[in-house]
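Inside the fold
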Amino acid sequence: MKDTNRTSKTLLILAVLASIILPLFVKARFMQHILVMVVLYAVLGQAWNILGGYVGLVSIGQAAFFGLGSYVSSYLQVEYGINPWIGFALAGVITAVFGFLVGLPVTRLRGRYFAIATIALGQVMKVLFENWQRVGAATGLMLPLVKEGLGTLQFHTSKLPYYYIGLAMLGIIILFMWYMERSRLGYYFKAIRENEDVAAAMGINKTLYKLIAIAISAGITGMCGTFLAQYSLYVEPEYMFNHNISVTIALIAVFGGTGNILGPILGSAILLPISELSRAWMGSTGTGIDMMIYGAFIVLICVYQPQGLMGVVRNIQARARAQVERRGAHV
Amino acid sequence: MSKEAKLVVTGVTKRFGGLLALNDVSFSVESGEILALIGPNGAGKTTLFNCLTGFLKVDGGTVEFNGRNITNWSPNQICSLGVARTFQVVQVLQGMTVLENVMVGAYLRNPRTTPAREKAVAVLERVGMLDRADVLAVNLTLPEKKRLEVAMSLATEPKVLMLDESMAGLTPTEAAEASQMIRSLRDEGLALIVVEHVMEAIMPIADRVIVLESGTKIAEGSPEEIVSNPRVISAYLGDKYAKRVVN
Amino acid sequence: MYLQLTVGGLLLGCVYGLVAMGLSLIYGVMGIVNFAHGAFVMLAMYASFWLNRFLGLDPVLSSPLIALLMFGFGVLMYHAVIGKVLEGPFLARLLVTFGLSIFLINSAQFLWSPDYRMVENPMFRGIIMLGPVFIERPKLVASIGSLIVAGLIYWFVRKTKTGLAIQAISLDRMAASLMGINIERLNGYAFGLGCACAGAAGAFLAEFYYIFPDVGTMFGLVALVAVALGGFGSTEGALIGAILIGIIETVGGFIVGSEFKYALVFLAYLVIVILRPRGLMGWGAD
Ligand SMILES: Nc1ncnc2c1ncn2[C@@H]1O[C@H](COP(=O)(O)OP(=O)(O)OP(=O)(O)O)[C@@H](O)[C@H]1O
Ligand SMILES: [Mg+2]
């Protein structure tokens, strides 16, 4: 037991160091882009995981929060010249409140009714923004190009600063989840996922905790929206509220394995490069072959690896443990 | 745990469409007392539990806890107040370990993790399941799950505990252990309402018995009074006891 | 005007209804929410298009053939993919059809380009007057055709031996298998039937609708909403839900602007499902 603890600690430190140092050697802009996407989607997957993996409310409409967040900061910046960092924080607060309000009715739904409601939410938000003249309707908003730097949250010469900001976000959310897993909040979340009746019988106010979960998830997702807006320097409904964002987020978590911290990170680290690379190699002209591969990949995962990568890891661990025990029995 | 507590049920009525599942049921139970609730299948025992703990809304009548009207409060509020229950069809948090299951209950009075874990360990020790602490609940046997459910309820530090057929399916030794446990909970000052079909197990420890039939309370009294009540015998005990004796 | 719109909505609703019925059938029998249903409609539309291009067959006339083809395709899909996840975790069951949908839509884009196409010289064109109401002839044909197919499927499920066996599965899988029903094969049939619904609807739609890779997505989502409105697993509910949606879409779209019509449909879903968490007539469990 002590041994595995030590190895996992060493592994953790190595992984942290690698994620900080190795990217410094990545010079190709496209590779940097992939790194940025990996951390961004790891955070998004983590936010989904709080709601879907821990509380068991499967959302396929995270783009609603993502898009809203991207527009909050962008609009404030374009219209009032407000610093994107303030926009970033406000995006988090506003989408969290939005998630809470939406959650009031929606968290009463269960299972697929909830999932479809989130799809509906995503579609409604997209249509609203497509027709909202004030925020540029279908054309969206262009962010003003300003001097690059941490203060302006714009970087032009290299994409790496975005990567590190995303990594910091990931670090913070991982710390939060690590704490959550060991606190009442995490236990209550899981209890609600496992059995709502038992949760209620244990004195848990399940409505309240579901609302907390959706607010946290929405807030983080909204901040990620700001992040992508600053990265692309424009927002547009078709881009920010795209249904594929919602699907990809859910897939990352599922592919990696839900209900644990490592899953979404693994999922993002593997799925995003595949999707970005296949797009770059084969699909830049819109032939669709990249998404074809992606779709086939999803099907294969669901059929052959439905527990996610963490499921595989757990199986291997269990087998190893069983082997050790068997050996122990012989001695 | 030893604070005085009293649950008073007055005229509770519950309908499922045309079916009158509970008809004007009244009784009370207080600290240091074991109230057995018996009645044939479909009599409405589980429905009564559901009404008292907020899982079903009553159509009439009131439930009072220590003078406070808690009728139709939500289940979590009722539990927070100190009224806990187990389910007839055993319900545990399948994907979590035994310890985690009990911790979920313990968090109600211990918001921080360390005391919650200590509390959970203490409860597990008490019900004799500490050696199973790290097992996933899904991997437990049915009697173990039932015991876990009791442990979870106890971890919420209830003043009134309602057990719905917690002894069903136990071996005689296990049932005797369970009876012992129920008795010691009473001695600590809990009020217990126990639904049980296993008469041999419940009658010796009950202080008072109420009998439901088709949603109506047909008798109430000490175990001796109940087993000699002609109405009860004809409605419920008669043929059952007879059969038991034959077997 | 409103009568006109309502009739339009009714016609549209019938086509949605057929799509929704297939979705509902699949859900009822195997508990799969088929997010690829819209993609199946799209495939059927392309099939009609190519049959028309190369053999000169009109989509309406080729609809039985298309339905048959899609039935075979569905059976194949069931045994290749869907059947393998039925025992899997909730998320895998939910997302597998997403993957299938993405795959099919982009395969279409890869094979046939994202261009918009239309069937040339469709057999049914123009408008007929029914009292004060204009009715577009292809839409009328499509809705009548949809109702006929829906009726056929309904008859099949309620009256034939295979259909009754399928129903038995949807009621109680365990008992059905104990009675010696081959669940795998019948699930395959049920999935095939669901696809056949999408196929026939696609053929009817191809008569007057643009055809492009993403065309089915909205049909699929709208049908899903219809099914949810009707209560998952209730076939009649799905049909009624679909007609309701057709009317909301056309009448509501006219009132608030047609760019908002789908937003309106989804809002209707949110409102109704929140008021009645199990759909308008649903009493099914989660
Ligand atoms: N949710 C419900 N909807 C409709 N009828 C119900 C519901 N729950 C219980 N009933 C009916 O109410 C009556 C009382 O049921 P209940 O489960 O309370 O009986 P019980 O005394 O617990 O029986 P058992 O000893 O078998 O557990 C039965 O006729 C049952 O069919
Ligand atoms: Mg009962």
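Residues numbered from 1 in each chain as written. Chains lettered and ligands numbered in written order. Predicted model: local features only at pLDDT ≥ 70, side-chain atom pairs only at ≥ 80, totals over all residues. Heavy atoms only, no water.

Turning our attention to the overall build of chain A. Within chain A one finds 14 helices and two strands. The C-alpha atoms of chain A give 21 Å as radius of gyration, which agrees with the globular expectation for 331 residues (20 Å, within 12%). A burial count over chain A gives 56% of its 331 residues as buried. Accessible area for chain A stands at about 14,100 Å²; split by element, carbon and sulfur atoms hold 68% of it. Between the centroid of the 24 positive side chains of chain A and the centroid of its 13 negative side chains there is a distance of 9 Å. (Helix = DSSP H or I, 4+ residues; strand = E, 2+ residues; numbered from the N terminus. Rg over C-alpha atoms; globule rule 2.2 N^0.38 Å. Buried < 20%, exposed > 50% of the residue type's maximum accessible area, 1.4 Å probe, protein only. Areas by Shrake-Rupley, 256 points an atom, 1.4 Å probe, with all protein chains shown as cover. Lys, Arg positive; Asp, Glu negative; His and termini not counted. Charge placed at Lys NZ, Arg CZ, Asp CG, Glu CD.)

Here we take up the sheet that holds strand 3 (residues 33–38) of chain B. All names here are of chain B. Ordered in space as 6-7-8-3-9-10, the six strands form an open sheet in which the pairing is mixed. Edge positions in the sheet fall to strand 6 (83–85) and strand 10 (216–221), since each of these pairs with one other strand and no more. Across the sheet, the axes of successive neighbouring strands diverge by a mean angle of 15°, strand direction being ignored. Two elements, strand 6 and strand 7 (residues 160–164), share three bridges in a ladder whose sense is parallel. The residue of strand 7 that forms the bridge with Ala 84 is Leu 161. Strand contacts of helix 1 (residues 45–52): strand 3, strand 6, strand 7, strand 8 (191–195) and strand 9 (208–213), with the helix running at about 150° to strand 7, the strand carrying the most contacts. (Pairing = 2+ DSSP bridges. Axes fitted to C-alpha atoms, helices over the stretch in contact; angles between N-to-C directions. Contact = heavy atoms within 4.5 Å.)

This paragraph deals with the interface of chain C and chain A. Facing 42 residues of chain C, the contacting portion of chain A comprises 42 residues. For the pair chain C and chain A, the two sides together bury roughly 3,800 Å², of which 79% comes from carbon and sulfur. Scanning the region where chain C abuts chain A turns up zero salt bridges. The interface formed by chain C and chain A contains one residue pair in polar contact (both at pLDDT 80 or more). (Buried area = accessible area lost by both parts, 1.4 Å probe. Salt bridge = Lys/Arg side-chain N within 4 Å of Asp/Glu carboxyl O. Polar contact = N/O pair within 3.5 Å; in protein donor to acceptor, adjacent residues only side chain to side chain.)

So, about the packing of helix 3 (residues 63–80) of chain A against helix 9 (residues 206–232) of chain A. Residues and elements named next belong to chain A. The geometry of helix 3 relative to helix 9 is characterised by a closest axis approach of 6 Å and an angle of 50° between their N-to-C directions. Here helix 3 is positioned oblique relative to helix 9, judged by the angle of their axes. Once helix 3 is placed against helix 9, the crossing between them reads as right-handed. Between helix 3 and helix 9, the contacting residues are Phe 65, Phe 66, Gly 69, Ser 70, Ser 73, Ser 74 and Gln 77 on the first element and Ile 214, Ala 218, Thr 221, Gly 222, Cys 224, Gly 225, Thr 226, Leu 228, Ala 229 and Gln 230 on the second. (Parallel < 35°, antiparallel > 145°, perpendicular 65-115°, else oblique. Left-handed = near helix turned anticlockwise from the far one by under 90°.)

Let's shift gears to helix 5 (residues 142–155) of chain B. Between its terminal C-alpha atoms helix 5 of chain B stretches 20 Å, which fits the 20 Å expected from 14 residues at 1.5 Å a residue. Summarising burial for helix 5 of chain B: 11 of the 14 residues are buried, a large majority. Those residues of helix 5 of chain B that sit buried are Glu 144, Lys 145, Lys 146, Leu 148, Glu 149, Val 150, Ala 151, Met 152, Ser 153, Leu 154 and Ala 155 of chain B. Summarising the contacts, the buried residues of helix 5 of chain B are in contact with helix 8 (196–201) of chain A together with strand 6, helix 3 (98–106), helix 4 (113–126), strand 7 and helix 6 (172–187) of chain B. (Expected span 1.5 Å × (residues − 1).)

Before going further, it helps to examine the side chain of Gln 32 of chain A. With respect to the element layout, Gln 32 of chain A can be found in helix 2 (residues 29–54). On the basis of relative accessibility, which here comes to 4%, the residue Gln 32 of chain A falls in the buried class.

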